[in-house]
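Residue-level structure breakdown
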Amino acid sequence: MASNGNGNASHDFEFASSHVPNGLSKINTKPGEPDMCKDDTSSTVKVSNLEQLHALQKKKASAPTTPRNATNPSTPKNLTPRAYLSEEERQKQQMQSVSASLASLTRQSGPQVIKGEPGRKKSPPKTVTAPRLDISDSALKFTHVLYNLSPSELYEQAIKFEKGSFITSSGALATLSGAKTGRSPKDKRVVKEETSKDDLWWGRGSPNIEMDEETFLVNRERAVDYLNSLEKVFVNDQFLNWDPQNRIKVRIISARAYHSLFMHNMCIRPTPEELEDFGTPDFTIYNAGQFPCNRYTHYMSSSTSIDLNLKRKEMVILGTQYAGEMKKGLFSLMHYLMPKRGILSLHSGCNMGKEGDVALFFGLSGTGKTTLSTDPNRQLIGDDEHCWSDNGVSNIEGGCYAKCIDLSKEKEPEIWNAIKFGTVLENVVFEEHYREVDYTDKSVTENTRAAYPIEYIPNVRLPCVGPHPKNIILLSCDAFGVLPPVSKLTHAQTMYHFISGYTALVAGTVEGVKEPTATFSACFGAAFIMLHPTKYATMLAEKMQRHGATAWLVNTGWSGGSYGVGSRMKLAYTRKIINAIHDGSLLGANYAQTPIFNLAVPTAVNGVPSEILQPQNAWSDKTQYDATLKKLAGLFQKNFEIYADYQVGGNSQLTQQILAAGPVLQ
Ligand SMILES: Nc1ncnc2c1ncn2[C@@H]1O[C@H](COP(=O)(O)OP(=O)(O)O)[C@@H](O)[C@H]1O
Ligand SMILES: C=C(OP(=O)(O)O)C(=O)O
Ligand SMILES: [Ca+2]
Ligand SMILES: [Mn+2]
């Protein structure tokens, strides 16, 4: 009957052959049809007003989840949806839990919260009301809770309400993180309290700068008051760790859609059933990043404070909107919780080959964990944070956080293609009309970032778990240009370099500064570790020995001279080196020892010019090379002094071997 695009003409209307006086043809409806003009022929919608029509557009939500394959080990067997609860009761419990999270500690109960956006006054709001014993202006107002919104909803929130939010030509959400475009490790504080203080690493070299319990509460109150003063807050209830036995439930309360979307991408996304049974989180982040801390508060040294309280299982963020702070805050938590269970937490990328061979990529920021674990020939398990338990490896996260300065489609196609709808693009610059991103532009920061769900990488391994690692790759971006592109490490050397955690980056964007600065960051992530580095090193040594893993040191930094003279190692060469590690060919190569560092360097690697394998060959000024090598060796030795008094494991022999495995200056 109808014309529905298949080429048949509609016979619903007939033009009368006779002309009416004004020149317009008269339209006659067919006999039997109701006397109304229809502009299409499909059945009409069953609504009586526009509002109802708009309501039809949105159907019952099913939360966007992290996809898992059929044999999903990350859904614990005892997870049965609470079928006995009515939808209304369930929602009420959910909001009661959020209200409790947002409660001031001086009140018995939480603030009045309403699920959903402000301004929808039509239906009576589902509120959770606190008994009004302590009547105050802030207790009288409602806070709207935007609970586990989808990427589409978060895009709308960001674009409507957050200045600096734009959709780029590839569909990503471009945002600005404000004044802080990187982490603020000097502003991190850890509460010294009786449940954890004896386990934690304090003092020289430690990232854990202490704070007392009272001061934490002052900052927590500041964050909670700020969040409650807003019309609406975002709440994400999500998981960490793909190992089902060691999954952690986290709640993130934030004020920006950008933060909510970032965490949606970075944490593991629960299924609707898992969300129904979420209950009370194991850990809560209060992100009040737009609001500064009070500098008159004890322990505060700037307007930024990132405070971790392991006893209360809470983290407070004030004065920084850099989203990586939340991700790495949770990583710190895992660096405390997991070793207590005999599980090693690792600042590493991880992927797996067709034979089930797993590789770990350790390294500080910018050394290549994300770039090199994203490999078209291998399945990606994760780019940044992992656990190594007796069952193998598991990713902690549900997403990746790639650096995108100078990103190119040719060199890193998988990451390039992952920057699409749903991806958060931090601090990038784009052309104002077409919104084409210019990845070379450092106007906002050099630390431009893309956060995307892990399944945006096509060859992802879901669930993100794997067997015990075969190769351990320590990445170092040596801007001095003296470390070889690749070397095979002995067991003791592995421990030495793991504890040292060396990289050297160029001093940054300051004009005229050409001298590289060495960074030593224990366990390739000193900013996130909670226990003494030797604790993690002992676990790594034990696991590597038990599972027969081989370790390699790979320099992704400079070759042919230091920064300013030499050039960055070609990514294509590094990839060839990594391939030779994966396929086992490098294990059987011939090796030569280097002076001072005593590293075993292969004489040939398929696809890599042999003259760059021994770094001194690539330098034109040999005396300069010798001097630079000695300088770096001295820096290593100086850094290691703080560990000389510690034992690795119960084994003083291993400790002696580790000390002897460092560079030797004649
Ligand atoms: N030889 C190389 N190996 C690895 N990365 C390289 C190399 N040369 C340049 N790069 C660039 O260095 C950066 C490494 O960053 P990324 O992989 O995100 O580091 P991480 O994940 O360790 O913080 C990327 O921008 C990458 O394109
Ligand atoms: C998010 C970060 O990690 P990485 O640079 O290691 O990817 C960071 O250091 O802020
Ligand atoms: Ca990374
Ligand atoms: Mn990282």
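Along each chain, the written sequence defines residue order, and numbers are assigned to residues from 1. The naming scheme follows written order: chains are lettered A onward, ligands numbered 1 onward. Local features in this predicted model are restricted to residues of pLDDT 70 or higher, and side-chain atom pairs are both shown and tallied only at a pLDDT of 80 or more, whereas totals for entire chains, interfaces and linings draw on every residue. Side-chain figures throughout are based on the complete set of non-hydrogen atoms in the structure, without hydrogens or water.

The protein chain is annotated in an unreviewed UniProt entry as phosphoenolpyruvate carboxykinase (ATP) of Physcomitrium patens. Under the heading Subcellular location (unreviewed entry), UniProt records this for the protein chain: "Cytoplasm". The record held by UniProt for the protein chain lists under Sequence similarities (unreviewed entry) the comment "Belongs to the phosphoenolpyruvate carboxykinase (ATP) family." UniProt positions are given in the numbering used here, feature names are shortened, and annotations may be inferred rather than shown by experiment.

For the rest of this paragraph, the subject is helix α15 (residues 622-640). Numbering goes from the N terminus for both helices and strands, where a helix is a DSSP run of H or I of at least four residues and a strand is a run of E of at least two. Expected span of a helix, by definition, is 1.5 Å for each gap between consecutive residues, and there is one gap fewer than residues. When the terminal C-alpha atoms of α15 are compared, their 27 Å separation across 19 residues agrees well with the 27 Å that a helix rising 1.5 Å per residue should span. Partly exposed describes any residue whose relative accessible area lies between the buried limit of under 20% and the exposed limit of over 50%, with all areas from a 1.4 Å probe on protein chains only and scaled to the type maximum. Along α15, the positions that sit buried rather than exposed are Y625, T628, L629, L632, A633, F636, N639 and F640. Buried residues along α15 cover an arc of 140° about the axis, so they all sit on one side. Facing away from the buried side of α15 by over 90 degrees, the exposed positions are T623 and K638. This arc describes the spread of directions from the helix axis toward the C-beta atoms.

Our focus in this paragraph is the coordination of the manganese ion (ligand 4). The rule for donors is simple: N, O or S, within 2.8 Å of the metal, or within 3.2 Å if the metal is Na, K or Ca. Water isn't counted, so a site may look like it is missing partners. Protein-derived coordination of the manganese ion (ligand 4) comes from K328 (NZ), H347 (NE2), D384 (OD) and D384 (OD), at a distance range of 1.9 to 2.8 Å. Tetrahedral means four donors with every angle between 85 and 135 degrees, whereas square planar (four donors) and octahedral (six donors) require angles over 155 degrees between opposite donors and between 65 and 115 for all others; sites fitting neither are termed irregular. Angles of 51 to 159° at the metal separate the six donor atoms of the manganese ion (ligand 4), which places the site in the irregular class. When the donors of the manganese ion (ligand 4) are listed by position in the chain, the intervening gaps give K-x18-H-x36-D. Taken as a pair, the manganese ion (ligand 4) and the calcium ion (ligand 3) lie 4.2 Å from each other. Of the two residues, K328 sits in helix α8 (residues 324-340) while D384 sits in the loop between β17 (379-382) and β18 (385-389), which places them 56 residues apart along the sequence. Here K328 and D384 have matching classes, each one buried.

Further remarks concern the site of ligand 2. Whether a residue is near a molecule or strand depends on its heavy atoms: it is near if one of them lies within 4 Å of it. As a structural note, the neighbourhood of ligand 2 is formed by R183, Y322, K327, K328, H347, S365, K369, D384, Y401 and R449. Here a polar contact means two N or O atoms within 3.5 Å. Within protein one must be a hydrogen donor candidate and the other an acceptor candidate, and residues neighboring in sequence count only if both atoms are side-chain atoms. At a separation of 2.5 Å, an oxygen atom of ligand 2 approaches a polar side-chain atom of K328. With respect to ligand 2, the side chain of D384 contributes an N or O atom lying 3.4 Å from an oxygen atom. Methods summary: accessible areas were calculated by the Shrake-Rupley approach with a probe of 1.4 Å, and residue burial reflects only the protein chains presented. Burial of ligand 2 by the protein chains amounts to 95% of its free accessible area of 290 Å². Amino acid classes used here: Ala, Val, Leu, Ile, Met, Phe, Trp, Tyr, Cys and Pro are nonpolar; Asp, Glu, Lys and Arg are charged; the rest, including Gly, are polar. Split into classes, the residues belonging to the shell around ligand 2 amount to two nonpolar, two polar and six charged.

Before going further, it helps to spend a moment on the pattern of salt bridges. Every case where a carboxyl oxygen of Asp or Glu lies within 4 Å of a side-chain nitrogen of Lys or Arg is listed as a salt bridge. Across all of its chains, the model carries 21 salt bridges by this definition. The salt bridge involving K327 is made with D384; its shortest N-O contact spans 2.7 Å. In this pair, K327 sits in helix α8 while D384 sits in the loop between β17 and β18, placing the two residues 57 residues apart along the sequence. Assessed through its relative accessible area of 4%, K327 is described here as buried. On the basis of relative accessible area, D384 is assigned to the buried category, the value being 6%. It is possible to trace a salt-bridge network through shared partners that takes in K327, K328, D384, E385 and E397.

Next up on the list: the packing of helix α11 (residues 491-500) against α15. Direction vectors running N to C along α11 and α15 enclose 80°, while the axes themselves pass 10 Å from each other. Judged by the angle between their axes, α11 and α15 are roughly perpendicular. Facing α11, whose interface residues are Y496, H497, I499 and S500, α15 presents F636, Q637, N639 and F640. Split by residue class, the contact of α11 with α15 holds four nonpolar, four polar and no charged. Orientation is described by lines fitted to C-alpha atoms, with helices fitted over the stretch in contact, and by angles between N-to-C directions that extend from 0 to 180 degrees. Should an angle fall under 35 degrees it is called roughly parallel, over 145 degrees roughly antiparallel, and 65 to 115 degrees roughly perpendicular, with every other angle called oblique. Any two residues whose heavy atoms approach within 4.5 Å at even a single point are treated as in contact.

Locating N459 in the fold gives a position in the loop between β24 (449-453) and β25 (465-466). Separated by 3.2 Å, the side chain of N459 and the backbone oxygen of P376 make a polar contact. Once residues within four sequence positions are removed from consideration, N459 is found in contact with D375, P376, N377, R378, Q379 and L380.

A separate point is the site of ligand 1. In the neighbourhood of ligand 1, 16 residues make up the surrounding shell, with G366, K369, T370, T371 and E412 lying closest. Measuring from an oxygen atom of ligand 1, one finds a backbone N or O atom of T367 at 3.4 Å. Computed on the free molecule, ligand 1 has an accessible area of 580 Å², of which 90% lies beneath the protein chains in the complex. Ranked by residue count, the leading element in the shell around ligand 1 is helix α9 (residues 369-373), at three residues.

This next bit is on the packing of aromatic side chains. Working definition: rings of Phe, Tyr and Trp (its six-membered ring) pair if their centres are within 6.5 Å, and the pair is stacked with planes under 30 degrees apart, edge-to-face with planes over 60 apart, and tilted otherwise. Tallying each qualifying case throughout the model produces 20 aromatic pairs. Through a chain of ring-to-ring contacts, three or more aromatic side chains come together here, namely Y496, Y502, F520, F597, F636, F640 and Y643. One residue, K249, lies across the ring of F278, its end atom 5.5 Å from the ring centre. Both a distance and an angle decide whether a charge sits over a ring: NZ of Lys or CZ of Arg must be within 6 Å of the ring centre and within 35 degrees of the ring normal.

What follows covers a nonpolar patch on the surface. Any residue with relative accessible area above 30% and no salt bridge may belong to a patch, with like charges joined within 9 Å and the nonpolar Val, Leu, Ile, Met, Phe, Trp and Tyr side chains within 5 Å. A cluster of nonpolar side chains, V45, L50, L53 and L56, forms an exposed patch at the surface whose accessible area comes to about 370 Å². Mapped onto the elements, L53 comes out in helix α1 (residues 50-57). According to the relative accessible area criterion, L53 is partly exposed, its value standing at 34%.

Right, let's talk about the sheet that holds strand β20 (residues 399-403) for a bit. Pairing between two strands is assigned when DSSP locates at least 2 bridges connecting them. Across the sheet, which stays open at both edges, the five strands sit in the order β6-β7-β21-β24-β20 with mixed pairing between neighbours. Strands with a single pairing partner mark the edges of an open sheet, and in this sheet they are β6 (166-167) and β20.

A few words now on the domain arrangement of the protein chain. Start and end points for every domain follow an automatic or database-based domain assignment. Domains assigned within the protein chain are domain 1 (87-147), domain 2 (191-340) and domain 3 (468-660). Relative placement of domain 2 and domain 3: their C-alpha centres are 33 Å apart. On the side of domain 3, 12 residues touch domain 2, which itself brings 14 residues to the contact. Here domain 2 packs against domain 3, burying approximately 1300 Å² in sum over the two surfaces, 70% of which is carbon and sulfur. A quick way to say it: buried area is the sum, across both parts, of accessible area lost when two parts are put together, with a 1.4 Å probe. Of all residues in domain 2, the largest losses of buried area upon contact with domain 3 belong to W201, H335 and P339, amounting jointly to 43% of the total for that side. Taken together, the links from domain 2 to domain 3 amount to zero salt bridges. At the surface where domain 2 touches domain 3, the tally comes to three residue pairs in polar contact (both at pLDDT 80 or more). For the side of domain 2 that touches domain 3, the element with the most residues is α8, which contributes six residues.

A few words now on the nonpolar core. In plain words, nonpolar cores are sets of buried Ala, Val, Leu, Ile, Met, Phe, Trp, Tyr and Cys residues tied together by side-chain atoms within 4.5 Å. Residues L330, W388, L425, Y452, I472, M530 and F597 are the most contacted members of the largest nonpolar core, which totals 129 residues. For this core, the leading source of residues is α8, giving seven residues. Composition of this core by domain shows at least three residues from each of domain 2 (191-340) and domain 3 (468-660). Contact partners of M530, with chain neighbours within four places excluded, come to K188, V190, D199, L200, W201, N208, L308, L310, S332, H335, Y336 and Y536. Judged by nonpolar contacts, the second largest core, of 25 residues, contains M211, V235, Y286 and M300.

Let us look at the environment of W242. Structurally, the position occupied by W242 is in the loop between β10 (232-240) and β11 (248-254). Looking at W242, the relative accessible area reads 0%, which means it is buried. Each C-alpha atom, one on W242 and one on C267, is 10 Å from the other, the two residues being 25 residues apart in sequence. Here the side chain of W242 touches E397 through a polar contact of 2.7 Å, landing on its backbone oxygen.

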